[in-house]
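Here is what each chain is made of, one letter per residue.
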Amino acid sequence: MSSTTKDTTKDAPPPLPEPLRVPVADAHTHLDMLPQPPLGGAARDTVGEALAKAASVGVTTVVQVGCDVNGSRWAAETAAAYEAVHATVALHPNEAPRIVLGDPDGWSRQGAREPGGDAALDAALAEIDALAALPHVRGVGETGLDHFRTGPEGMAAQQRSFRAHIEIAKRHGKALVIHDREAHDDVLRILREEGAPDTVVFHCYSGDADMAKVCAEAGYFMSFAGNVTFKNAQPLRDALAVAPPELVLVETDAPFLTPAPYRGRPNAPYLIPVTLRAMAEVKGMTEDALATAVAVNTARAFGY
């Protein structure tokens, strides 16, 4: 390749994997963040295209996850429009501090925002509460704690939001979908303090084997994403190895966390087979046995 030729491989979608024989669900995805047609281009049903591509390899159901009020509304509307989509609604742990303290840099998709204080957080939580009552909304999440991206000044807002989401999930009888980034002890502590809902899903499980045993004892689902295939992820594989098959889910977190060997390229629900096959190897299970388990588990977790 000459120095003037751009390498577009890293931007290209990975190829279709070999289809699964047993259909499964992508337990956590962000269809609203998929690449969109260029401005001025022809309108396309990007959601329909993504679902069809996924179904062609045996991924017949997806859980579309909300991260803010607008995204949660979109998730609910999309689940109402597509039979293969179930929704969850929430304020992401990093969204709560932005609502309360403001977001001068406009890091989030809403752009720059002024501080709204606790009243603005309460108003946003009320919207999530209303959406959580809808029948095609199957979960409350992703909520939880993120000690990686939010500093100490945002912890109070994060924890208040997390506790409110736990209450909303319990009141509506919906699964609680947890984002836990470098906050394992605090997440588990708050679940104990508030009393966990009947169904808890640790999205993109990031704890070690010891934490997996704690989650298993509590009956929490552990959802594994493409990062379980990364070379430096042996602690994740150790956790997966001890996680009971009846508590394991598989997800993409698309467009993020694309599994090896496609790391760094856009992720999408159709890549679930790549991650599931790697997981089956870690667990010493056949592909079909693990697919059967995760299909049952996801339906049980989200009540569909």
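Where helix α5 (residues 155-172) meets helix α6 (residues 184-194), the closest approach of the two axes is 11 Å, and the angle between their N-to-C directions is 50°. Regarding the angle of α5 to α6, the classification is oblique. Once α5 is placed against α6, the crossing between them reads as right-handed. Where α5 abuts α6, its residues Gln-159, Phe-162, Arg-163, Ile-166 and Lys-170 lie against Val-187, Arg-189, Ile-190, Leu-191, Glu-193 and Glu-194. Residue classes in the contact of α5 with α6 are distributed as five nonpolar, one polar and five charged.

A separate point is the packing of aromatic side chains. Under the criterion given, the structure shown has two aromatic pairs. Summarising the aromatic geometry, the rings of Phe-202 and Tyr-220 are spaced 5.9 Å apart at their centres and angled 35° between planes, so their arrangement reads as tilted. Taken together, the positions of Phe-202 in strand β6 (residues 200-202) and Tyr-220 in the loop between α7 (209-218) and β7 (221-224) put the pair 18 residues apart, joining distant regions of the chain. Classification of Phe-202 by relative accessible area gives buried; the value is 2%. Under the relative-accessibility criterion, Tyr-220 is labelled buried at 11%. Residues Tyr-205 and Phe-224 carry aromatic rings whose centres are separated by 5.4 Å and whose planes lie at 50° to one another, so their mutual orientation is tilted. Linking Tyr-205 in the loop between β6 and α7 with Phe-224 in strand β7, this pair joins segments that are 19 residues apart in sequence.

Moving on, we get to the sheet that holds strand β4 (residues 137-146). Here eight strands make up an open sheet; going across it, the order is β1-β2-β3-β4-β5-β6-β7-β8 and the pairing parallel. Looking at strand neighbours, the two that pair on one side only are β1 (24-29) and β8 (248-250), the edges of this open sheet. Strand-to-strand twist of the sheet, defined as the mean angle between neighbouring strand axes without regard to direction, takes the value 30°. One ladder, built from three bridges, connects strand β5 (residues 175-181) with β6; its direction is parallel. Among the inter-strand pairings, Leu-176 is bridged to a residue of β6, identified as Val-200. Relative to the sheet, α5 contacts β4 and β5, its axis offset from that of β4 by approximately 155°. Sitting on the sheet, helix α10 (residues 287-302) touches β1, β2 (59-65), β3 (85-89), β4, β5, β6, β7 and β8, and the angle it makes with β8 is about 95°.

What counts and what doesn't
Residues numbered from 1 in each chain as written. Predicted model: local features only at pLDDT ≥ 70, side-chain atom pairs only at ≥ 80, totals over all residues. Heavy atoms only, no water. Axes fitted to C-alpha atoms, helices over the stretch in contact; angles between N-to-C directions. Helix = DSSP H or I, 4+ residues; strand = E, 2+ residues; numbered from the N terminus. Parallel < 35°, antiparallel > 145°, perpendicular 65-115°, else oblique. Left-handed = near helix turned anticlockwise from the far one by under 90°. Contact = heavy atoms within 4.5 Å. Nonpolar A, V, L, I, M, F, W, Y, C, P; charged D, E, K, R; others polar. Phe/Tyr/Trp six-rings, centres within 6.5 Å; stacked < 30°, edge-to-face > 60°. Buried < 20%, exposed > 50% of the residue type's maximum accessible area, 1.4 Å probe, protein only. Pairing = 2+ DSSP bridges.

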